[in-house]
Amino acid sequence: MVNASSEPPAPARPPWRPWSRRKSTGADVFFGVLLLLVEVAVALLHGFGTGMEVWAAQGQVERIEAAELAELAWLSSYLVVVLGLAGAAALFRARWSVVLQLLAALAVAAVLALAQHDWDRAHPEPPPRSGPAYVPCHSGSGRCA
């Protein structure tokens, strides 16, 4: 016999998913700023370490260039990590965190582009080699085309 005064069973609660609801603005801003400060601290500490490596090289060109190449590789990896964190913030529907992470990614991309530009200017590619049929043109030689 069924008891008429009993309440119907509560519907099963759907599983929690990060995208199920937007995060509160206060928590979003707090965690976004906190994450940004951690990222800045990591970048500054790594930059300090690279600077110390260059200083410790004391003019040894090979060690300085190796440190600069390692910095370029680290910056490209760091850019991927920051973009991944922006994706995670988007998954959690934390708008302000996404904006702050995209600004951080933009800053890291700018630093990476400047560092790559400096490296490219300091290490230009050699001019192309002349072919075996190349004959230099000297004034009055009669062999100029």
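Here, residues in each chain are numbered from 1, in the same order as that chain's written sequence. Predicted model: local features are reported for residues with pLDDT of at least 70 only, side-chain atom pairs are reported and counted for 80 or more only, and whole-chain, interface and lining totals are derived from all residues. Hydrogens are left out, water is left out, and the side-chain values use all remaining heavy atoms of the structure.

(A) Expanded view of unusual backbone geometry. Even without a glycine there, the phi angle at glutamine 58 is positive, about 50°. Helical segments are the DSSP runs of H or I of at least four residues, strand segments are the runs of E of at least two, and each set is numbered from the N terminus. For glutamine 58, the position within the fold is in the loop between helix 1 (25–57) and helix 2 (61–91). Phi angles above zero are rare outside glycine, and arginine 93 is one such case at about 55°. Only protein chains enter the area calculation, which uses a 1.4 Å probe; residues under 20% of their type maximum are buried, those over 50% are exposed, and those in between are partly exposed. Relative accessible area serves as the criterion here: at 36%, arginine 93 is assigned to the partly exposed category.

(B) Quick peek at the packing of helix 1 against helix 3 (residues 95–122). Two elements in contact, helix 1 and helix 3, have axes separated by 7 Å at closest approach and are oriented at 20°. Comparing the axis directions of helix 1 and helix 3 gives the class roughly parallel. Note on packing geometry: the crossing formed by helix 1 with helix 3 is right-handed. Note on element contacts: helix 3 touches helix 1 through Arg95, Trp96, Ser97, Leu100, Gln101 and Ala104, opposite Thr25, Asp28, Val29, Phe31, Gly32, Val33, Leu35, Leu36 and Glu39. Of the residues belonging to the contact of helix 1 with helix 3, the class tally is eight nonpolar, four polar and three charged. Helix axes are fitted to C-alpha atoms over the stretch in contact, other axes to C-alpha atoms as well, and angles between N-to-C directions run from 0 to 180 degrees. Comment on the angle field: the value is read as roughly parallel under 35 degrees, roughly antiparallel over 145, roughly perpendicular from 65 to 115, and oblique elsewhere. Should the near helix be turned counterclockwise from the far one by less than a right angle, the crossing is left-handed, whereas a clockwise turn marks it as right-handed. Note on contacts: a residue pair qualifies if any of its non-hydrogen atoms lie within 4.5 Å across the two residues. Side-chain classes follow a simple rule in which Ala, Val, Leu, Ile, Met, Phe, Trp, Tyr, Cys and Pro form the nonpolar group, Asp, Glu, Lys and Arg form the charged group, and the remainder, Gly included, forms the polar group.

Functional significance is not addressed by these values, which are geometric in nature.
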